[in-house]
Amino acid sequence: MKALLAVCVSLCFVVEAVAQDQKSQQSPNLKQYYSGKFGFYQASDGLNNGLLFGIDGITEFVHYRLILSGAIDFYQKQNFGIFKNPPARINQQAMILLPLHANVGFQLVSVSDADTRAYLGAGIGYYLYFYSVEYQSESGGLFGGLSSNTESRNGGGIFGSAFLRILIGQIFVEPRLYVAAKQEETLPGGHTYVANPSGYAVTLGFQYR
């Protein structure tokens, strides 16, 4: 977890350095930004709602009213139920989701007097998940009882998304829909879980230039 946070912080510094370098090279028809956001995320198949964080780098083609972006989101949760056939007892579990995606958006509205713009777009990407669980399941055998198990799994899948970004000055609100491929895996004892980040998020962010 500490290593992951260190990577995220390093990415933030890299993005900021690149943005500052590009700022001096921008043309009137090409603008570049980066942004950070956080907000409410509601997923499918047992992943409870929670906080979603994200950063992205944006290139705006002013003449064509288009934006292109590359983004990474982060979701972490410890209280959820993703098993089809749960074990007798789950002592501890944790899930980390990292959706990586590229997006394209079209400018729907621009009100220069109010410094307000709205973009509608879609994206495609690949999500990574990291799952760990400590649980007890029925051991079977002549005397029955429970056996303790500790497992760690990781995987991923492709996903698509649709979004609306409403930008007022440097502050934005972004509703986003995620549609992802499910990943299923069976742990010892025949317990099958489903990783599925399909859902929606509503985030608030700050866009820098």
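Every value quoted in this text rests on a predicted model; they were computed, and no experiment measured them.

### Some thoughts on the overall build of the protein
- A tally of helices and strands in the protein yields one helix and ten strands.
- Reading the protein from its N end, one meets helices and strands in the order α-β-β-β-β-β-β-β-β-β-β.
- Residues classed as buried in the protein amount to 39% of the 209 residues present.
- Excluding contacts between residues fewer than 6 apart, the proportion of contacts in the protein whose partners are at least 24 apart in sequence is 63%.

### Regarding the packing of aromatic side chains
- Within the structure shown, the criterion is met by ten aromatic pairs.
- Residues Phe-83 and Tyr-193 carry aromatic rings whose centres are separated by 6.2 Å and whose planes lie at 80° to one another, so their mutual orientation is edge-to-face. Remark: Tyr-193 occurs in strand E9 (residues 191–195) and Phe-83 occurs in the loop between strand E3 (66–77) and strand E4 (89–111); sequence separation between them is 110 residues. Per residue, the accessibility class of Phe-83 equals that of Tyr-193, and both read buried.

### Describing the pattern of salt bridges
- Per the stated rule, a full pass over the model turns up ten salt bridges.
- Note that Glu-60 is salt-bridged to Arg-117, the shortest N-O span being 3.3 Å. With a gap of 57 residues between them, Glu-60 in strand E2 (residues 50–61) and Arg-117 in strand E5 (residues 116–138) connect regions that are remote in the sequence. Comparing Glu-60 with Arg-117 shows no difference in burial state: the two are buried.
- Two residues, Arg-153 and Glu-151, come together in a salt bridge whose shortest N-O distance is 3.0 Å. Grouping residues by exposure puts Arg-153 and Glu-151 together as buried.
- Ionic contacts of the salt-bridge type, sharing partners, join the residues Lys-37, Asp-56, Asp-73, Arg-165, Glu-174 and Arg-176 into one network.

### Regarding the environment of Asn-48
- Looking at where Asn-48 falls in the secondary structure, it is placed in the loop between strand E1 (30–43) and E2.
- C-alpha separation for the pair Asn-48 and Ile-82, spaced 34 residues apart in sequence, amounts to 9.4 Å.
- Those residues in contact with Asn-48, other than ones at most four positions away along the chain, are Tyr-41, Tyr-75, Lys-77, Asn-79 and Phe-80.

Thresholds applied
- Counting restarts for each chain, with residues numbered from 1 along the sequence as it is written.
- Only residues with pLDDT of 70 or above have their local features reported here, since the model is predicted, and side-chain atom pairs are shown and tallied only from 80 upward, although totals for entire chains, interfaces and linings are computed over all residues.
- Hydrogens are left out, water is left out, and the side-chain values use all remaining heavy atoms of the structure.
- Runs of H or I in DSSP of at least four residues are treated as helices and runs of E of at least two as strands, each being numbered from the N terminus.
- Residue burial is assigned from relative accessible area. The probe radius is 1.4 Å, only protein chains are included, and a residue is buried under 20% of its type maximum, exposed over 50%, and partly exposed in between.
- Contact between two residues is taken to exist if any of their heavy atoms lie within 4.5 Å; hydrogens are not considered.
- Working definition: a ring pair exists when centres of Phe, Tyr or Trp rings (six-membered ring for Trp) sit within 6.5 Å. Plane angles under 30 degrees give stacked, over 60 give edge-to-face, the rest tilted.
- Salt bridge, as applied in this entry: a Lys or Arg side-chain nitrogen positioned within 4 Å of an Asp or Glu carboxyl oxygen.

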